[in-house]
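Breakdown of the fold
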Amino acid sequence: MKIFTAAQIREADAFTIREEPVSSTGLMERAAGKCAAWLEVQFAPTTPVYIFCGKGNNGGDGLVIARLLLQKGYPVRACILQHSAKASADHTFHLQLLQQQYPACLYEIGAQGDFPVLPAGAVIIDAIFGTGLNKPVEGWMAGIIHQINDQRAIHPVVAIDIPSGLLADSSSLHTPVIQAHHTLSFECYKLAFLLPENAGFTGHVHILPIGLHPDYITQTPTRYHLTDREMIRTIYHPRDPFAHKGTYGHALLIAGSYGKMGAAVLSAKACLRAGVGLLSCHVPQCGYDIMQISEPCAMCVTDEGSTHSAHFHTLPDGATYKTIGIGPGLGTQTATARSLERLLEHYQRPMVIDADALNLLSVYPYLLSRLPQGSILTPHPKEFERLFGTAANDFDRLTLLSQQAVHLHLYILLKGRYTAIACPDGSLYFNSTGNPGMATGGSGDVLTGILTALLAQDYTPKAAVILGAWLHGYAGDLAAEQLSQEAMTATDIITHLGAAFRHVI
Ligand SMILES: NC(=O)C1=CN([C@@H]2O[C@H](COP(=O)(O)OP(=O)(O)OC[C@H]3O[C@@H](n4cnc5c(N)ncnc54)[C@H](OP(=O)(O)O)[C@@H]3O)[C@@H](O)[C@H]2O)[C@@H](O)CC1
Ligand SMILES: Nc1ncnc2c1ncn2[C@@H]1O[C@H](COP(=O)(O)OP(=O)(O)O)[C@@H](O)[C@H]1O
Ligand SMILES: [K+]
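Throughout, a residue's number is its position along its own chain's written sequence, starting from 1. Here chains are named by letter from A upward and ligands by number from 1 upward, in the order in which they appear as written. The model is predicted, so local features are restricted to residues of pLDDT at least 70 and side-chain atom pairs to those at 80 or more, both for listing and for counting; the totals for chains, interfaces and linings are taken over all residues.

**As for the packing of helix α15 (residues 461-483) against helix α17 (residues 497-504)**
- The interhelical angle for the contact between α15 and α17, taken along N-to-C directions, is 115 degrees, at an axis separation of 8 Å. Comparing their axes, α17 and α15 come out roughly perpendicular. Here α15 and α17 pass one another in a crossing that is right-handed. Across the interface between the two elements, Leu471, Tyr474, Ala475 and Leu478 of α15 pack against Leu497, Ala499, Ala500, Phe501 and His503 of α17.
- Partitioning the contact of α15 with α17 into residue classes produces 8 nonpolar, 1 polar and no charged. In this description, a line fitted to the C-alpha atoms serves as the axis of each element, helices being fitted only across the stretch in contact, and the angle between N-to-C directions of two axes falls anywhere from 0 to 180 degrees. In DSSP terms, a helix is any run of H or I states spanning at least four residues, a strand is any run of E spanning at least two, and both are numbered starting from the N terminus. Oblique is the label for any angle not under 35 degrees, not over 145, and not in the 65 to 115 range, which are roughly parallel, roughly antiparallel and roughly perpendicular in turn. What makes a crossing left-handed is the near helix being turned counterclockwise from the far one by less than a right angle; a clockwise turn instead makes it right-handed. By definition, residues are in contact whenever their C-beta atoms, placed on the basis of the backbone, come within 7 Å of each other. Classes in brief: Ala, Val, Leu, Ile, Met, Phe, Trp, Tyr, Cys and Pro nonpolar; Asp, Glu, Lys and Arg charged; the others, Gly included, polar.

Next comes the structure, spelled out in structure tokens:
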């Protein structure tokens, strides 16, 4: 699914109005109709509905919702916030309709003190500002936003299109924003919904299709995408009936150290469950029995080091490995860093770099430019910060992420609720699967194994990273469904990988 900017959404509205054709007020009627239908399913017709309307088109949506719910018998108050002397043309049109049909429902708010007393059980609809917000909300309007937020413990808050105060494409950090329980957003996700700094604002996001013109949606290039099953299906390729294990690559996993062999085992198991042809694991001597006993399907190569690996660069057949996954539980010894440096002198295929291998890169940043082009880095936010520094907000961090991916010719996967995948071509994909049950030690090690397996099977790095992140999150969702988010562990993500694959097919 494409993620459009606020400017592109305005273009999409205008394109639809021109090409469908449909009147501007008609498109608003359609959008608001979708919201009213959603509200009717959620709330009984006896529910008092308080709709807070701004003077732009978001407020216009609110006025149409008011009329449609009044027609269904809901007790509705349409509170119009007089933040501006002028109203948009569509707002004015729908206000006149409402005035003609239901004049008693209208209520004007011109100051914070005008905030109405809400009856028990009332639902609050936030139709104050939409994607037309052009600066942070200040003054008494900010006060109204705070007053609505103060009510959220007692009254459900439903935002129309975007919580008011939230900028779609830039940071709203430390500015007043509605904290909704639900956001009914038109046609597509807004970039702001996907960033951790905005976690408290949208509540559950419901995307309501409003029939924006398909030509605009398919033909307009966008930088940001949200992965979905349709996209994943175009990436996945089924196995060849005449395949043998050589077809799907021999991968090497360099992982584990004393006390952290579990990370290596989790990665190895995930790699095997994600379809690798052959897997060798390079582990320190202390890890030999552990790996051989835990995962009989993997081969094992031992390092000269007893507790840490520091000789993986000398692997005689290093160049024959289809890909290498390196990092989980590896440790950050100087000797390990030296071995990584020497490995990079001769290994040239895209690799997967995670955990301690990333930490080594942040200590020896000159190694970053020596990584094989197209390699995949999988930092969590702290690892990202160690590698590339801090950013003032999540939007700036996204810019930094993308700049580094382009500059270094790498795929950088920044982990989180919506894992962000930056590609060397400047595009950025957000992963849509996964849940907080995956916030448990070892989940990232599983991802490394999956990505390594996909690279070994000849997926391009871009395909591997998008498909791998999706499968990882989806397997986590299936695990949570069966076991609960609390009880699931990283091992359960691996167990559910099979079902996740079956879902793609
Ligand atoms: N046919 C269509 O186009 C469709 C559009 N749709 C809907 O339209 C929404 C976009 O509407 P929009 O473009 O009118 O902008 P909107 O979010 O209402 O804000 C503009 C108003 O806010 C004001 N304002 C802004 N910032 C402010 C601030 N910081 N502090 C105070 N005031 C501020 C600004 O005032 P001004 O700056 O002009 O004085 C103006 O009055 C979109 O989200 C969706 O809900 C759907 O119905 C689908 C069809
Ligand atoms: N709240 C969440 N929603 C979705 N995915 C999550 C959530 N929390 C964690 N994850 C996923 O779990 C993985 C955790 O990785 P990481 O922090 O590296 O774990 P570890 O180092 O313990 O292996 C990432 O892929 C991340 O996207
Ligand atoms: K809104």
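**Concerning the sheet that holds strand β5 (residues 123-127)**
- Sheet architecture is open: 7 strands sit in the order β4-β3-β2-β5-β6-β7-β8, paired in parallel fashion. Edge positions in the sheet fall to β4 (106-109) and β8 (204-208), since each has one partner strand and no second. The average angle at which neighbouring strand axes cross in this sheet is 20 degrees, direction not considered.
- Strand pairing requires that DSSP identify at least two bridges connecting the strands. Sheet topology note: the strand β3 (residues 76-81)/β4 ladder contains 4 bridges and is parallel. Looking across to β4, one finds that Ala78 is bridged to Leu106.

**Some details on the nonpolar core**
- Counting 159 residues, the largest nonpolar core has Ile51, Phe52, Ile125 and Ile421 as the members making the most contacts within it.
- Here this core takes 12 residues from α15, the largest share from any one element.
- Mapped onto the domain boundaries, this core takes at least three residues apiece from domain 1 (2-222) and domain 2 (229-237 + 248-504).
- Excluding anything up to four places from it in sequence, Ile421 contacts Tyr411, Leu413, Leu428, Tyr429, Asn431, Val465, Ile466 and Ala469. To define a nonpolar core, we join buried Ala, Val, Leu, Ile, Met, Phe, Trp, Tyr and Cys residues through C-beta atoms within 7 Å and take the resulting set. Burial is judged by counting other C-beta atoms within 10 Å of a residue's own C-beta: 20 or more means buried, 12 or fewer means exposed, and anything between counts as partly exposed, with every C-beta placed from the backbone. Those domain boundaries reflect an automatic or database domain assignment.

**Description of the site of ligand 1**
- By definition, a residue lies near a molecule or strand when the C-beta atom built from its backbone is within 6 Å of it. Around ligand 1 sit 29 residues, and of these Gly56, Asn57, Asn58, Gly130 and Gly132 come closest.
- Grouping the constituent residues of the shell around ligand 1 by class yields 10 nonpolar, 13 polar and 6 charged.

**Observations concerning the site of ligand 2**
- Neighbouring ligand 2 are 19 residues, the closest being Gly434, Met438, Ala439, Ser443 and Gly444.
- Secondary structure elements with two or more residues in the shell around ligand 2: α14 (443-456) and α15.
- Class assignment for the residues of the shell around ligand 2 results in 5 nonpolar, 11 polar and 3 charged.

**Regarding the packing of helix α10 (residues 334-346) against helix α11 (residues 355-363)**
- Two numbers describe how α10 lies on α11: the axes approach to 10 Å, and their chain directions differ by 85 degrees. The orientation of α10 with respect to α11, classified from their angle, is roughly perpendicular. For the pair α10 and α11, the contacting residues are Thr336, Ala337 and Leu340 in the first and Ala357, Leu360 and Val363 in the second.
- Here the residues of the contact of α10 with α11 sort into 5 nonpolar, 1 polar and no charged.

**As for the sheet that holds strand β10 (residues 250-254)**
- Within the open sheet, the 11 strands sit side by side as β1-β9-β18-β17-β16-β15-β14-β13-β10-β11-β12. Their pairing is mixed. Looking along the sheet, the strands with just one partner apiece sit at the ends: β1 (2-3) and β12 (299-302).
- Note: strand β15 (residues 376-377) against strand β16 (residues 411-414), 2 bridges, orientation parallel. Across the sheet, residue Ile376 finds its bridge partner in β16, namely Tyr411.

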